[in-house]
Amino acid sequence: MNILVIGGGGREHAITHALAVSESAGDIYVAPGNPGILTIAKKADIDINNFNAVAQFCKANDITLVVVGPEQPLADGMADALTKQGIFVFGPMQKAAMLEASKGFAKDFMAKYKIPTAAYETFDATQKTQAIDFIKANFPVVLKADGLAGGKGVLIPETADEAISQLDEMFGGMFGSASERIVIEEFMEGEEASVFAICDGKDFVTLAPSQDHKRAFDGDLGLNTGGMGAYAPAKVATDEVIAIAHKDIIAPVLEGMKSEGSPYIGCLYAGLMIKDGNPRVVEFNVRFGDPETQAVLAILDADFAGLLDSAAKGKLDKSTIRSVASKSACCVVMASEGYPGKCESGFEINGIEEASNDNLIVYQAGTKDANGKVVSNGGRVLGVTGLGSNLQEAIDKAYIGVKKIDFNNHFYRNDIGKKGL
């Protein structure tokens, strides 16, 4: 089958890499891609925001499956538009994509279908007084922008006064239109884990659980980011925890979406908080996570193209998976200094080829081609992913790779994966 991958970050590099080694895959195209992805896929020169142009490209190039990496095209209705033209899409329809596009929608959905999560209330700027009262009565709390904010719209204040100050900043446009409405929820204690469910609208299978590192600096200090690294499998998500998540979280989502007329097809990312063996939902995303995907897919032994194609067609073929966690993996993000705030780009990256081998994959994220040279082009630049027979070995290999790569103004965390030890 010929496949079109939508996106151009580290997640899409990992997805394309897994597709490229699949026995079911034919030609793989990507839009817009990045220099790393374009070493294993063909560039589709199309505007991904023009869904009709995407559909015409698919028809002209015998594309039988479109895999959507980022959330924005799904929130904008890409799956709806392509499906109407007879093109199979791995990614949910617009209504189902509201699970990520609106934190308020997701929380209300979970309340309706009795999916375990934190207590919450949703407020807009006209309800600021009520929001302040809620903070004072329920602190500690977490503040979440209702809309899409690139994985950065969550604030965890240290004090009630700080929470009230952050509330002002969010309503004042800290995250643009995404924080016109704010979800304030109870602070949940425990260990976080990420679980990816491959869904066909009725059935699902989960991949290896992983654990992300959201804060910018060692020791979980600094601002929340899109993710500074991840490892898989995460032992905190035991078989017993996963069984509970299947029964109480993922299955009810599929049943709920089906009953609301929008069967969930695609990757359902369940961000979990686990305490005393019981998982609750921190958030849902409607696509693979970044950088968890770089770790999870690196240890997946499967006909990945066949798996996603079967899910997109509503006939999930679990036999395409041979093992969800044949090894351990650790992905360390090399970022531009200043991330997640303003940062400089355009610096030549050296050492990618020297670092790469059978047990180390360098996924490119914020990169671009500049006259034949790969240069930095964004906040999160690379995801250096080490593989090993155990987590310590994977961590060691990832950091050996990191030390072989260099570009100006880069930084990374030194403690990725240590929680899992």
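Structure: above.
Model, not experiment: these values are computed from the prediction. (Residues numbered from 1 in each chain as written. Predicted model: local features only at pLDDT ≥ 70, side-chain atom pairs only at ≥ 80, totals over all residues. Heavy atoms only, no water.)

Chemist: I'd like a rundown of empty space enclosed by the protein, residues and numbers included.
Modeler: Enumeration over the complete set of coordinates arrives at two cavities of 30 Å³ or more. What the largest cavity holds in volume is close to 50 Å³. Lining the largest cavity, in full, are Leu99, Lys103, Ala106, Lys107, Met110, Lys144, Val183, Glu185, Val282, Glu283 and Phe284. At the level of secondary structure, the elements contributing two or more residues to the lining of the largest cavity comprise helix H6 (103-112), strand E9 (181-186) and strand E17 (278-285). The leading source of residues in the lining of the largest cavity is H6, at four residues. (1 Å grid on protein atoms, 1.4 Å probe; cavity = no way out; pocket = protein on both sides within 12 Å on 5 of 7 lines; lining within 4 Å. Points joined across faces, edges and corners; volume = space filled by probe spheres on them. Helix = DSSP H or I, 4+ residues; strand = E, 2+ residues; numbered from the N terminus.)

Chemist: A description of the environment of alanine 18 should follow, citing residues and the corresponding values.
Modeler: Here alanine 18 lies in helix H1 (residues 10-20). Among the residues examined, alanine 18 registers a relative accessible area of 10% and is labelled buried. The spacing of alanine 18 and aspartate 301 is 283 residues in sequence and 9.2 Å in space, taken between C-alpha atoms. For alanine 18, the contacting residues outside a window of four places in its chain are Leu297 and Phe304. (Buried < 20%, exposed > 50% of the residue type's maximum accessible area, 1.4 Å probe, protein only. Contact = heavy atoms within 4.5 Å.)

Chemist: For helix H8 (residues 160-171), give the residues involved together with the corresponding values.
Modeler: Since one α-helical turn is 3.6 residues long, residues separated by three or four positions face the same way. Relative to the 16 Å expected for 12 residues at 1.5 Å per residue, H8 spans 17 Å between its end C-alpha atoms, a close match to the ideal helical length. Packed against the buried residues of H8 are strand E6 (120-124), helix H7 (128-138), strand E7 (141-145), strand E8 (154-155) and E9. Two residues or fewer after H8 comes glycine 173, characterised by a positive phi angle close to 105°. (Expected span 1.5 Å × (residues − 1).)

Chemist: Please set out the pattern of salt bridges residue by residue, giving values where relevant.
Modeler: Counting across every chain of the model gives 24 salt bridges. A salt bridge links lysine 42 to aspartate 27; the nearest nitrogen and oxygen atoms lie 3.6 Å apart. Of the two residues, lysine 42 is situated in strand E3 (residues 42-43) and aspartate 27 in the loop between H1 and strand E2 (28-32); the sequence distance between them amounts to 15 residues. For aspartate 27, a relative accessible area of 32% translates into the label partly exposed. One salt bridge connects lysine 318 with aspartate 203, and the closest N-O pair in it is separated by 3.2 Å. (Salt bridge = Lys/Arg side-chain N within 4 Å of Asp/Glu carboxyl O.)

Chemist: Quick rundown of helix H2 (residues 51-60)? Include the residues and the values.
Modeler: For H2, the complete set of buried residues consists of Phe51, Val54, Ala55, Phe57 and Cys58. Buried positions in H2, seen along its axis, are confined to an arc of 160° and lie on one side of it. On its buried face, H2 is in contact with strand E1 (2-7), E2, strand E4 (63-68), helix H3 (71-75) and helix H4 (78-84). With its phi angle positive at about 55°, aspartate 62 sits one or two positions after the end of H2. (Arc of directions from axis to C-beta.)

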